[in-house]
Amino acid sequence: DSGVTQTPKHLITATGQRVTLRCSPRSGDLSVYWYQQSLDQGLQFLIQYYNGEERAKGNILERFSAQQFPDLHSELNLSSLELGDSALYFCASSPGVGFSEKLFFGSGTQLSVL
Amino acid sequence: QQQVKQSPQSLIVQKGGISIINCAYENTAFDYFPWYQQFPGKGPALLIAIRPDVSEKKEGRFTISFNKSAKQFSLHIMDSQPGDSATYFCAALGGSNYKLTFGKGTLLTVNP
């Protein structure tokens with residue numbers, strides 16, 4: 001068990017809808033990272049937050065947004081969903097401000113857009 | 001632009017055999033090269049990592065070989081076991097915005 005908790009485990013929704021994915025990092029970790037995993041693209045970095053502030057951005061679409069709250073949990077909001085957004089979304093955490101070679105991943109949220 | 005290229009996409013090995021997964025990178029600004037292991041229904045977990053000033057690192061049955069001049073690194077799993085069946089990702093830390101970039105993954109199946 002990595003100590004990173006993601007909810008829900010599965011999410012089924014329709015095109016055009018909006019969903020929110022939730023992540024609680026390991027106790028003591030201040031950085032939260034969001035990754036998208038698909039068969040054709042592999043693990044793609046979306047965004048990182050450190051102690052409530054956006055730290056780094058990757059291949060995140062404008063329809064997607066994230067935030068980290070004072071209790072350090074994070075939410076990834078996906079709107080105007082398209083079929084191609086169907087993927088496994090992972091949250092990871094680490095103690096420090098910068099990227100570490102050791103990220104602790106949650107078990108992911110499987111999003112299916114129908 | 002894929003910064004870390006991983007091959008093969010899938011691999012089938014018999015129990016007791018050697019599994020070899022290869023990765024190549026272009027950006028010389030990468031300064032740490034980890035491998036992650038992912039079991040079905042779980043998130044990736046760090047398996048072993050190497051710095052570019054070392055040519056080889058071994059932890060139990062898992063060995064990373066690193067060739068800095070060729071910008072390639074590989075994971076060797078000796079005496080492969082069915083419990084090693086998982087998806088393996090190579091990764092590189094560094095580059096623009098200093099982040100962890102993953103390869104596309106290799107699905108390893110070890111037959112009993």
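Quick caveat, the model's predicted, so the values are computed rather than measured.

About the cut-offs
- Residues numbered from 1 in each chain as written.
- Chains lettered and ligands numbered in written order.
- Predicted model: local features only at pLDDT ≥ 70, side-chain atom pairs only at ≥ 80, totals over all residues.
- Heavy atoms only, no water.
- Phe/Tyr/Trp six-rings, centres within 6.5 Å; stacked < 30°, edge-to-face > 60°.
- Buried < 20%, exposed > 50% of the residue type's maximum accessible area, 1.4 Å probe, protein only.
- Core = buried A, V, L, I, M, F, W, Y, C linked by side-chain atoms within 4.5 Å.
- Helix = DSSP H or I, 4+ residues; strand = E, 2+ residues; numbered from the N terminus.
- Contact = heavy atoms within 4.5 Å.
- Disulfide = S-S within 2.5 Å.

Structural notes on the packing of aromatic side chains
Applying the stated criterion across every chain yields a total of 20 aromatic pairs over all chains. Ring centres 6.1 Å apart and planes at 70° place the aromatic pair Tyr25 of chain B and Phe30 of chain B in the edge-to-face group. The same class applies to Tyr25 of chain B as to Phe30 of chain B, namely buried. Site record: aromatic cluster; members linked through ring pairs are Tyr33, Tyr35, Phe45, Phe90, Phe99 and Phe105 of chain A together with Tyr36, Phe89 and Phe102 of chain B.

Brief notes about the nonpolar core
Residue and element names in this part refer to chain B. Core analysis: the biggest nonpolar cluster contains 24 residues, and Phe33, Trp35, Phe73, Leu75, Tyr88 and Leu108 have the highest contact counts within it. Broken down by secondary-structure element, the contributors of at least two residues to this core are β2 (10-14), β3 (19-25), β4 (30-38), β5 (45-50), β7 (62-67), β8 (72-77), β9 (86-94) and β11 (106-111). The greatest single-element share of this core, amounting to 4 residues, is contributed by β9.

Some thoughts on unusual backbone geometry
Residue Pro8 of chain A follows Thr7 of chain A across a cis peptide bond; omega there is -10°. By secondary structure assignment, the location of Pro8 of chain A is in the loop between β1 (5-7) and β2 (10-13). The peptide bond linking Ser7 of chain B to Pro8 of chain B adopts the cis configuration, its omega dihedral lying at -5°. With a phi close to 80°, Leu72 of chain A is a non-glycine residue in the positive phi region. Exposure remark for Leu72 of chain A: the relative accessible area of 15% places this residue in the buried category.

Overview of the environment of Lys58 of chain B
Residue and element names in this part refer to chain B. Along the chain, Lys58 turns up in strand β6 (residues 56-59). Accessibility expressed as a relative area gives 59% for Lys58, which makes it exposed. When the C-alpha positions of Lys58 and Leu46 are compared, they lie 14 Å apart, and in sequence the two are 12 residues distant. Those residues within four positions of Lys58 in sequence are excluded, and the remaining contacts are Ile48 and Thr63.

Section: the environment of Leu78 of chain A
All names here are of chain A. Inspection of the secondary structure assignment puts Leu78 in strand β8 (residues 74-78). Taking relative accessible area as the criterion, Leu78 reaches 0% and is therefore assigned buried. Taking the C-alpha atoms as reference points, Leu78 and Arg63, separated by 15 residues in sequence, lie 6.2 Å from one another. Setting aside residues no more than four positions away along its own chain, Leu78 makes contact with Gln17, Arg18, Val19, Leu21, Arg63, Phe64, Tyr89 and Leu111.

A short note on the state of the cysteines
The tally for this structure, following the rule as stated, stands at 2 disulfides over all chains. Each sulfur in the disulfide pair Cys23 of chain A and Cys91 of chain A lies 1.8 Å from the other. With the S-S dihedral at roughly -50°, the linkage between Cys23 of chain A and Cys91 of chain A falls on the left-handed side. Of this pair, Cys23 of chain A sits in strand β3 (residues 19-24) while Cys91 of chain A sits in strand β9 (residues 87-94), and the two are 68 residues apart along the sequence. With relative accessibility at 0%, the residue Cys23 of chain A sits in the buried group. Classification of Cys91 of chain A as buried rests on a relative accessible area of 0%. Paired through a disulfide, Cys23 of chain B and Cys90 of chain B show a sulfur-sulfur distance of 1.8 Å. One disulfide, between Cys23 of chain B and Cys90 of chain B, carries an S-S torsion of -95° and so falls in the left-handed class. Highlighted residues: Cys23 of chain B in strand β3 and Cys90 of chain B in strand β9, separated in sequence by 67 residues. Here Cys23 of chain B falls in the buried class, since its relative accessible area comes to 3%. Judged by relative accessible area, which is 0%, Cys90 of chain B ranks as buried.

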